[in-house]
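Here is how the chains run, residue by residue.
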Amino acid sequence: MIIQIRRKTGRILLLLGILAICGLAYLGIHKAGILKNTVTDTGVPDPDSESSEESLQAAEESSAIEEEPPVLAVHVSGAVQHPDQVYYLPQGSRISDAIQEAGGPAEGSDLSGINLASLLSDGQKVYIPFEGEEPVMVTEESSATVLIGEPGSGLTNINFATTIELEALPGIGEKYAQRIIEYRTQNGPFQSIEEIKNVKGIGEAVFAKIRDSITV
């Protein structure tokens, strides 16, 4: 009888020991989880979060590298070292930049009537004349840049002037400058300076302000 009681008591103690071990193990796991959350919440970076931020930053840097600055495609011909080629220049480039990109002026070139400071536009053709060469009459579609006014005259040739050059004329703002370009595009070059009065909005009063500043 006593032996049976001892055996039952031993089994009970064994079962209690197993339960105690399981309870301690559970408490240990639970405590570890709480500790992990506490460390994360107190500002220590989560490894997974840090990895995501680094990946995002790397993607942004890669995208920035792949983005190329806008360029202008310009056809340069005439009296330059390497004519009749298309050159690619950054936005904001001027005619002088296009000439240098084409190797510089050729021997016998005449730059006296060229506004070297004129801004370039995408798809423009820049033509550099030789000495004694007559200006080539072109329409706006070809976007050719030739002699702007008579050499050394200081006058603005209304057949070839850009929007910026037209806006510089007295009484001609952005709206009238655009109308002048649209008119010569649709009707061809002006045959006389008086013909500019055919442009909508340019009457005798405006013409009187610009007549001494323009030529064809």
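Engineer: Explain the overall build of the chain here, please?
Structural biologist: Within the chain, the secondary structure is distributed over six helices and six strands. Listing the helices and strands of the chain from first to last along the sequence gives α-α-β-β-α-β-β-β-α-α-α-β. By residue count, 29% of the 216 residues in the chain fall in the buried class. Sequence-distant contacts in the chain: of pairs separated by 6 or more residues, those separated by 24 or more amount to 43%.

Engineer: Would you mind going over the pattern of salt bridges with me for this structure?
Structural biologist: When their charged atoms lie close together, side chains carrying opposite charge are able to pair. Scanning the entire structure with this criterion turns up one salt bridge. Across the pair Lys-197 and Glu-204 runs a salt bridge whose closest N-O atoms are separated by 2.8 Å. Among the residues examined, Glu-204 registers a relative accessible area of 54% and is labelled exposed.

Engineer: Can you help me understand the nonpolar core in this one?
Structural biologist: Among soluble globular proteins, nonpolar side chains are generally buried collectively. Judged by nonpolar contacts, the single largest core of 19 residues is most densely connected at Leu-166, Ile-172, Ile-180, Ile-196, Ile-202 and Ile-214. Secondary-structure elements contributing two or more residues to this core are α5 (174-187) and α6 (204-210). With five residues, the top contributor of residues to this core is α5. Ignoring anything within four residues of it in the chain, the contact list for Ile-180 reads Ile-158, Leu-166, Ile-172, Phe-190, Ile-196, Val-199 and Ile-202.

Engineer: In this structure, what is going on with unusual backbone geometry? I would like to understand it.
Structural biologist: Trans peptide bonds make up most of the peptide bonds, and negative phi angles are found at most residues other than glycine. Unlike most non-glycine residues, Asp-84 shows phi in positive territory, near 55°. If you trace the backbone, Asp-84 turns up in the loop between β1 (71-78) and β2 (85-90). By relative accessible area, Asp-84 is classed as exposed at 55%.

Engineer: Whenever I open this one, the packing of aromatic side chains confuses me. Can you help?
Structural biologist: Working definition: an aromatic ring pair is given by the centre-to-centre distance plus the angle between the planes. This model, assessed by the stated rule, comprises one aromatic pair. Arranged with centres 5.3 Å apart and planes meeting at 10°, the rings of Tyr-183 and Phe-190 form a pair that is stacked. Residue Tyr-183 shares its accessibility class with Phe-190, and that shared class is buried. The cationic tip of Lys-197 hangs over the ring face of Phe-207; the distance from NZ or CZ to the ring centre is 5.1 Å.

Engineer: Looking at this structure, I do not really get a nonpolar patch on the surface. What am I missing?
Structural biologist: Taken together, Ile-12, Leu-16 and Leu-19 make up a surface patch of nonpolar side chains, about 300 Å² in accessible area. Relative to the helices and strands, Leu-19 resides in helix α1 (residues 2-41).

Engineer: I would appreciate a short explanation of the side chain of Ser-93 in the present structure.
Structural biologist: Considering the arrangement of structural elements, one finds Ser-93 in the loop between β2 and α3 (95-101). Polar side-chain contacts of Ser-93 include one of 2.6 Å to the backbone oxygen of Pro-90. Not counting residues up to four positions away in its chain, the partners in contact with Ser-93 are Ser-118, Leu-119 and Leu-120.

Engineer: I would appreciate a short explanation of α5 in the present structure.
Structural biologist: An α-helix turns once per 3.6 residues; consequently, residues spaced three or four apart project the same way. With 14 residues, α5 ought to run about 20 Å at 1.5 Å a step, and its terminal C-alpha atoms sit 20 Å apart, in line with that. For α5, every residue scored as buried is listed here: Tyr-176, Ala-177, Ile-180, Ile-181, Tyr-183 and Arg-184. The buried side chains of α5 occupy one side of the element, clustering within an arc of 160° when seen end-on. In this structure, α5 carries Glu-174, Lys-175 and Gln-186 as exposed residues pointing more than 90 degrees from its buried face.

Engineer: Got a minute to help me understand the environment of Leu-119 in this structure?
Structural biologist: By secondary structure assignment, the location of Leu-119 is in the loop between α3 and β3 (125-128). Relative accessible area serves as the criterion here: at 37%, Leu-119 is assigned to the partly exposed category. C-alpha of Leu-119 to C-alpha of Ser-93: the two residues are 26 residues apart in sequence and 6.0 Å apart in space. Once you skip the residues sitting within four places of it in the chain, Leu-119 turns out to touch Gly-92, Ser-93, Arg-94, Gln-124 and Ile-164.

Calculation notes
- Going along each chain's sequence as written, the residues are numbered from 1 onward.
- Thresholds applied to this predicted model are a pLDDT of at least 70 for local features of residues and 80 or more for the giving and counting of side-chain atom pairs; totals over whole chains, interfaces and linings are not thresholded and use all residues.
- Think of the side-chain values as coming from all heavy atoms in the structure, minus any hydrogens and water.
- Runs of H or I in DSSP of at least four residues are treated as helices and runs of E of at least two as strands, each being numbered from the N terminus.
- Partly exposed describes any residue whose relative accessible area lies between the buried limit of under 20% and the exposed limit of over 50%, with all areas from a 1.4 Å probe on protein chains only and scaled to the type maximum.
- Contact definition: two residues touch when any of their heavy atoms are within 4.5 Å.
- Any carboxyl oxygen of Asp or Glu that lies within 4 Å of a side-chain nitrogen of Lys or Arg is treated as forming a salt bridge with it.
- What is meant by a nonpolar core is a set of buried Ala, Val, Leu, Ile, Met, Phe, Trp, Tyr and Cys residues, joined one to another through side-chain atoms within 4.5 Å.
- For Phe, Tyr and Trp, rings pair up if their centres lie within 6.5 Å, where Trp contributes its six-membered ring, and each pair is then called stacked (planes under 30 degrees apart), edge-to-face (over 60) or tilted (otherwise).
- Lysine and arginine charges are scored as sitting over a ring when NZ or CZ, respectively, is within 6 Å of the ring centre and within 35 degrees of the ring normal.
- Surface patches are defined over residues having more than 30% relative accessible area and no salt bridge, joining like charges when they lie within 9 Å and nonpolar side chains (Val, Leu, Ile, Met, Phe, Trp, Tyr) when within 5 Å.
- Each accessible area is a Shrake-Rupley result for a 1.4 Å probe, and residues are judged covered by the shown protein chains and nothing else.
- In protein, a polar contact requires one atom able to donate a hydrogen and another able to accept it; more generally it is a pair of N or O atoms within 3.5 Å, and residues adjacent in sequence count only if both atoms are side-chain atoms.
- One less than the residue count of a helix, multiplied by 1.5 Å, gives the span that helix is expected to have.
- Throughout, the arc means that of the directions going from the helix axis to the C-beta atoms.

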